Amino acid sequence: MTKILGGSIGMDDRYRGRKRGEKYNFDLFLTHLQMGHDIEFSYKGEQYAACRSGSDEEGRYVLYRFYDDASVQHFKNVEFLRENAVINGEKLEGIWEVVEVDKIF
């Protein structure tokens, strides 16, 4: 199950678009990216982030592992991210259930 660590992470549950205690699902993650939020999360002990980059040339959205420039993935929109984002060869959407969301800015 996707967990959000540390209690409050910068916005209340109503703003996050979910009821208190409800799971933070992949669709809500994509919605927050579209709204311009940066999202930091952990998977298998590694820290990752997803955010808008603002660059149409490289892609409007990026996903990367902290301190690893070679891991940066660019996506033209969130649907392209949904279909193509991978971590360790696994689709992000497919592993989302075990991701731990650390922060939403």
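Below you will find a few notes about this structure. Everything quoted here is computed from the prediction, not taken from an experiment. (Residues numbered from 1 in each chain as written. Predicted model: local features only at pLDDT ≥ 70, side-chain atom pairs only at ≥ 80, totals over all residues. Heavy atoms only, no water.)

**As for the overall build of the protein chain**
1) Next: A tally of regular secondary structure across the protein chain gives four helices and eight strands.
2) Next: For the protein chain, the α and β elements follow one another from N to C terminus as β-α-α-β-β-β-β-α-β-β-α-β.
3) Next: For the protein chain, the residues scored as buried account for 41% of the 105 residues in total. (Helix = DSSP H or I, 4+ residues; strand = E, 2+ residues; numbered from the N terminus. Buried < 20%, exposed > 50% of the residue type's maximum accessible area, 1.4 Å probe, protein only.)

**What to know about unusual backbone geometry**
1) Next: Positive phi outside glycine occurs at K44, with the angle close to 50°.
2) Next: As for its placement among the helices and strands, K44 is situated in the loop between strand 2 (39–43) and strand 3 (46–55).
3) Next: Its identity is not glycine, yet Y67 carries a phi of approximately 60°, on the positive side.
4) Next: You can see Y67 is positioned in the loop between strand 4 (59–65) and strand 5 (73–75).
5) Next: For Y67, a relative accessible area of 84% puts it in the exposed group.

**With respect to the pattern of salt bridges**
1) Next: Following the criterion strictly, the structure yields five salt bridges and no others.
2) Next: Close ionic contact of R65 with D68 constitutes a salt bridge, the shortest N to O distance being 2.1 Å.
3) Next: In this structure R65 comes out as partly exposed when scored by relative accessible area, which is 24%.
4) Next: Note that E79 is salt-bridged to R82, the shortest N-O span being 3.3 Å. Of the two residues, E79 and R82 both sit in helix 3 (residues 78–84), three residues apart, roughly one turn of that helix.
5) Next: A relative accessible area of 43% places E79 in the partly exposed class. (Salt bridge = Lys/Arg side-chain N within 4 Å of Asp/Glu carboxyl O.)

**Re the packing of aromatic side chains**
1) Next: Under the defined criterion, the tally for this structure stands at ten aromatic pairs.
2) Next: Chaining the aromatic ring pairs together yields one cluster made of Y24, F26, F29, F41, Y48 and W96.
3) Next: The ring of F80 carries the charged tip of K76 above its face, separated from the ring centre by 5.4 Å. (Phe/Tyr/Trp six-rings, centres within 6.5 Å; stacked < 30°, edge-to-face > 60°. Lys NZ or Arg CZ within 6 Å of the ring centre and 35° of its normal.)

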